[in-house]
Amino acid sequence: MIVGATNAITKAPLTERTAPASRPAGDDPSDALNRLGNLTESAAHSRKAFAEERLKQLREQMSKLMLFDLAPRALAGQSAQFARELRAAAEDFSAAFEALAGIRQPETTSLSLAQQAYLDLDDEPLTAGPTANAADIETMASFASTAQQIDSMAERAGGRLDPRDGASALAADARKTAAGVVNLMTRISNAAAPRSFYW
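Notes on the confidence of the model for the chain
Move 1: On average, the chain scores 77 in pLDDT, and the residues at 70 or more come to 64%.
Move 2: Predicted confidence in the chain is weakest over helix 3 (residues 113-121), with a mean pLDDT of 61, and strongest over helix 4 (residues 134-159), with 92.
Move 3: A low-confidence stretch, residues 125-129 stays under pLDDT 50, and its non-local contacts, those more than four residues away or across chains, total 11 contacts.

A word on the pattern of salt bridges
Move 1: Counted by the stated rule, this structure contains 5 salt bridges.
Move 2: A salt bridge links Asp92 to Arg47; the nearest nitrogen and oxygen atoms lie 2.9 Å apart. With Asp92 in helix 2 (residues 72-104) and Arg47 in helix 1 (residues 29-65), this residue pair connects regions lying 45 residues apart in the sequence.
Move 3: Judged by its relative accessible area of 38%, Arg47 is partly exposed.
Move 4: With a shortest N-O distance of 2.7 Å, Arg54 and Asp92 are connected by a salt bridge. Taken together, the residues Arg54 in helix 1 and Asp92 in helix 2 connect sequence positions 38 residues apart.
Move 5: The network of salt bridges with shared partners includes Arg47, Arg54 and Asp92.

Digging into the nonpolar core
Move 1: In this structure, Phe82, Leu86, Phe93, Phe143, Ile150 and Met185 are the most contacted members of the largest nonpolar core, which totals 34 residues.
Move 2: Of all the elements in the fold, those that place two or more residues in this core are helix 1, helix 2, helix 4 and helix 5 (166-192).
Move 3: Apart from the residues within four sequence positions on either side, Phe143 is in contact with Ala51, Leu55, Leu86, Ala89, Ala90, Phe93, Val181 and Met185.

Scoring rules and cut-offs
Counting restarts for each chain, with residues numbered from 1 along the sequence as it is written. Side-chain atom pairs in this predicted model are given and counted only at pLDDT of 80 or more, local residue features only at pLDDT of at least 70, and totals for whole chains, interfaces and linings cover all residues. Calculation of side-chain values draws on the structure's entire complement of heavy atoms; hydrogens and water are dropped beforehand. Scored from 0 to 100, pLDDT reflects the predictor's confidence in each residue. Numbered from the N terminus, helices here are DSSP runs of H or I no shorter than four residues, and strands are runs of E no shorter than two. The criterion used for residue contact is that any of the two residues' heavy atoms lie within 4.5 Å. Criterion for a salt bridge: a side-chain nitrogen of Lys or Arg within 4 Å of a carboxyl oxygen of Asp or Glu. When accessible area is computed with a 1.4 Å probe and restricted to protein chains, residues below 20% of their type maximum are described as buried, those above 50% as exposed, and intermediate ones as partly exposed. For the purposes of this section, nonpolar cores are sets of buried Ala, Val, Leu, Ile, Met, Phe, Trp, Tyr and Cys residues that join through side-chain atoms within 4.5 Å.

Written out as structure tokens, the structure reads:
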């Protein structure tokens, strides 16, 4: 059996058609900027939280590894891997911290006349730097202490290896990477410290 239908297309007159709702051309562009700013801040918070979670997982893996007495070559390789993972997480944390500081911090305007005069003579203008809360400071310290533990692991492995062994180079790379993480955390924690005036 074949079922058919007649199609009757009717078009409404042009005056009865409704156009989709659109925004007036004179809308405030700051709304779009605010939405973009919120999106940027949300992305920075997510990146920071992800870096903190990676740090936590890395510390757990290192704690489990300490239960075993690994051969020097395995320990060197593992310390190099930990150092690379820690560096990636530290760079993410640092970038997110600095992005959030840039979003939240306005220019410093509440200075006394004497402080302003001092700054006028200074080569670098004082802008409000990033501020760290207690959790941020604790995270920075945790990154630095984890890097120091990795450095210790790599030093122990390297001390038991022949310098001509390729694993010895892995241990040296791990120590260099761990030192870079400590330097990065020192840099951002120093940037977050308030600038002092000496009279």
